[in-house]
Amino acid sequence: DDRCVLPDECPCHHNGQLYYTNDTITKDCNTCVCKERHWHCTQTICAGVCVATGDPHYVTFDGRCYSFLGDCQYVLARENSGLFSVTAENVPCGSTGVTCTKSVTLSLGNTVIHLLRGKAVTVNGMPVTLPKSYSGSGLTLERVGIFVALSSRLGITLLWDGGMRVYVRLAPHLRGQVGGLCGNFDGDTENDFATRQGIVESTPDLFGNSWKVSPSCPDVENQDLRDPCALNPHRMTWARKRCAVLTQELFSRCHTEVSFQQFYDWCVFDACG
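Residues numbered from 1 in each chain as written. Predicted model: local features only at pLDDT ≥ 70, side-chain atom pairs only at ≥ 80, totals over all residues. Heavy atoms only, no water.

Going by an unreviewed UniProt entry, the protein carries the name VWFD domain-containing protein and comes from Xenotaenia resolanae.

Next comes the structure, spelled out in structure tokens:
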């Protein structure tokens, strides 16, 4: 087609695709409209989601990815004035020194909800049957598929599959008001490694050590030396083959939306362990 196109009629671009005037896409909780070859997006502040998964790996509320192989109980997210806190206890698993999540605890004022791997949910030490709600604290506990879901009117939701995946979701009004291994939820990935003392560290080790609950736990040092693929090089080929499905046709439609390389690397890391 040799027809000339006015500059204002040129398409917008997103993840390798072309979009034309008045086409829309959704970015997080905002809607973007293509006009005059530029995206015009609503400015709604979105909720934040932190993920702790695997042996263990983290994606902060602001999207920073890292691994931290601590063997202790750590603060995942804590509201700065003490309204709530989420902690996770990691214990050694496998033979290479990697750790896995044993339990997750949500504290809301005087209410403590404890989720122990493979065990019942307890509230203030007493087993409870789900679903369960507490009108005084605005707390709801229920099962959602394979997950135990805890939600509070304070703006926090916690999901745990009882094994290797923990999700913490914060409402927009908590933006910039938290700290922990999940970061500070201020929209800036560069300062996510802020310690309990407010110092922004350069490595996951220094950052993670500051958020341990018990000072008596040993600090993590030189965790790169505990890379299971370096310790078990004979498993590398098998691990790569096992995880290659993430890079293949089955997930190809997701590749433009999700940066799969990080998840592939984590998969290989875990498979070597």
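The rest of the description comes next.
### Focus: the overall build of the protein
Going by this rule: Helical segments are the DSSP runs of H or I of at least four residues, strand segments are the runs of E of at least two, and each set is numbered from the N terminus. To sort residues, take the accessible area from a 1.4 Å probe on protein chains only and compare it with the maximum for the residue type: under 20% means buried, over 50% means exposed, and anything in between is partly exposed. We call two residues in contact whenever any of their non-hydrogen atoms come within 4.5 Å of each other. Note on areas: Shrake-Rupley with a 1.4 Å probe; residue coverage comes only from the protein chains shown. Under the counting rule used here, the positive set is Lys and Arg, the negative set is Asp and Glu, and His together with the chain ends is not counted. Taken as the charge location is NZ of Lys, CZ of Arg, CG of Asp or CD of Glu.
Looking only at helices and strands, one finds four helices and 20 strands in the protein. With the C-alpha coordinates of the protein rotated into their principal frame, the extents come out at 70 × 55 × 40 Å. In the protein, which comprises 273 residues, the share counted as buried stands at 40%. Taking the intrachain contacts of the protein between residues at least 6 apart in sequence as the baseline, contacts between residues at least 24 apart amount to 45%. Per element, the accessible surface of the protein, about 14,900 Å² overall, is 52% carbon and sulfur. In the protein, the 23 positive side-chain charges and the 28 negative ones have mean positions that sit 9 Å from each other.

### With respect to the packing of helix 3 (residues 236-243) against helix 4 (residues 260-272)
Rule in force here: A fitted line through C-alpha atoms represents every axis, and for helices the fit uses only the stretch in contact; the resulting angles, taken between N-to-C directions, go from 0 to 180 degrees. The labels follow the angle: roughly parallel below 35 degrees, roughly antiparallel above 145, roughly perpendicular from 65 to 115, and oblique for the rest. Here a crossing is taken to be left-handed if its near helix is turned anticlockwise relative to the far helix by less than a right angle, and right-handed if that turn runs clockwise. Polar here means any residue outside two lists: the nonpolar Ala, Val, Leu, Ile, Met, Phe, Trp, Tyr, Cys and Pro, and the charged Asp, Glu, Lys and Arg; Gly therefore counts as polar.
Contact geometry for helix 3 and helix 4: axes closest at 8 Å, N-to-C directions at 135 degrees. Considering the angle they form, helix 3 stands oblique to helix 4. For helix 3 against helix 4, the interelement crossing comes out right-handed. Two secondary-structure elements touch here, helix 3 through M236, W238, A239, R240, R242 and C243 and helix 4 through Y264, C267, V268, A271 and C272. Residues belonging to the contact of helix 3 with helix 4 are distributed by class as follows: nine nonpolar, no polar and two charged.

### Looking at the state of the cysteines
Let me state the cut-off plainly: Two cysteine sulfurs form what is called a disulfide whenever their separation falls within 2.5 Å.
Applying the stated criterion to the full structure yields seven disulfides. The side chain of C72 participates in a disulfide bridge whose partner is C217; the two sulfur atoms lie 2.1 Å from each other. Since a negative S-S torsion denotes a left-handed disulfide, the C72-C217 link at about 75 degrees is right-handed. Of the two residues, C72 is situated in the loop between strand 8 (65-67) and strand 9 (73-79) and C217 in the loop between helix 1 (204-209) and helix 2 (228-231); the sequence distance between them amounts to 145 residues. C217 sits in the buried class, given a relative accessible area of 17%. For C65, which is in no disulfide, the shortest distance to another cysteine sulfur is to C50 and amounts to 10 Å.

### What to know about the side chain of S85
Inspection of the secondary structure assignment puts S85 in strand 10 (residues 84-92). By relative accessible area, S85 is classed as buried at 17%. Once residues within four sequence positions are removed from consideration, S85 is found in contact with A77, R78, T105, L106 and S107.

### Brief notes about the pairing of strand 3 (residues 24-27)
How we decide: When DSSP locates at least two bridges between a pair of strands, those strands are taken to pair.
Two elements, strand 3 and strand 4 (residues 30-35), share four bridges in a ladder whose sense is antiparallel. The residue bridging I25 from the neighbouring strand is C32, located in strand 4. Between strand 3 and strand 4, which pair antiparallel in sequence order, lie two residues; one of them, D28, sits at a positive phi of approximately 55 degrees.

### Details of unusual backbone geometry
In this chain, L130 is followed by P131 through a cis amide linkage whose omega measures 0 degrees. In this structure, F185 is a non-glycine residue whose phi angle is positive, near 55 degrees. Checked against the element boundaries, F185 lands in the loop between strand 20 (178-179) and helix 1.

### A word on the sheet that holds strand 14 (residues 126-127)
Ordered in space as 14-13-12-11-10-9-20, the seven strands form an open sheet in which the pairing is antiparallel. Looking at the sheet topology across the chains shown, the edges are occupied by strand 14 and strand 20. As judged from the two bridges shared by strand 9 and strand 20, these two strands associate in the antiparallel manner. Following the sheet pairing, E79 is matched in strand 20 by V178.

### A word on the pairing of strand 19 (residues 165-170)
Taking every second residue as pointing to the same face, the buried face of strand 19 carries V166, V168 and L170, while none of R165, Y167 and R169 on the other face is buried. Alignment of strand 6 (residues 48-53) against strand 19, held across six bridges, turns out to be antiparallel. Bridged to G48 within strand 19 is L170. Of the pairings in the sheet, the one linking strand 18 (residues 156-160) to strand 19 comprises five bridges and is antiparallel in character. Within strand 19, the residue paired with T157 across the bridge is R169. Between strand 18 and the antiparallel strand that follows it, strand 19, lie four residues; G162 among them carries a positive phi value of about 80 degrees.

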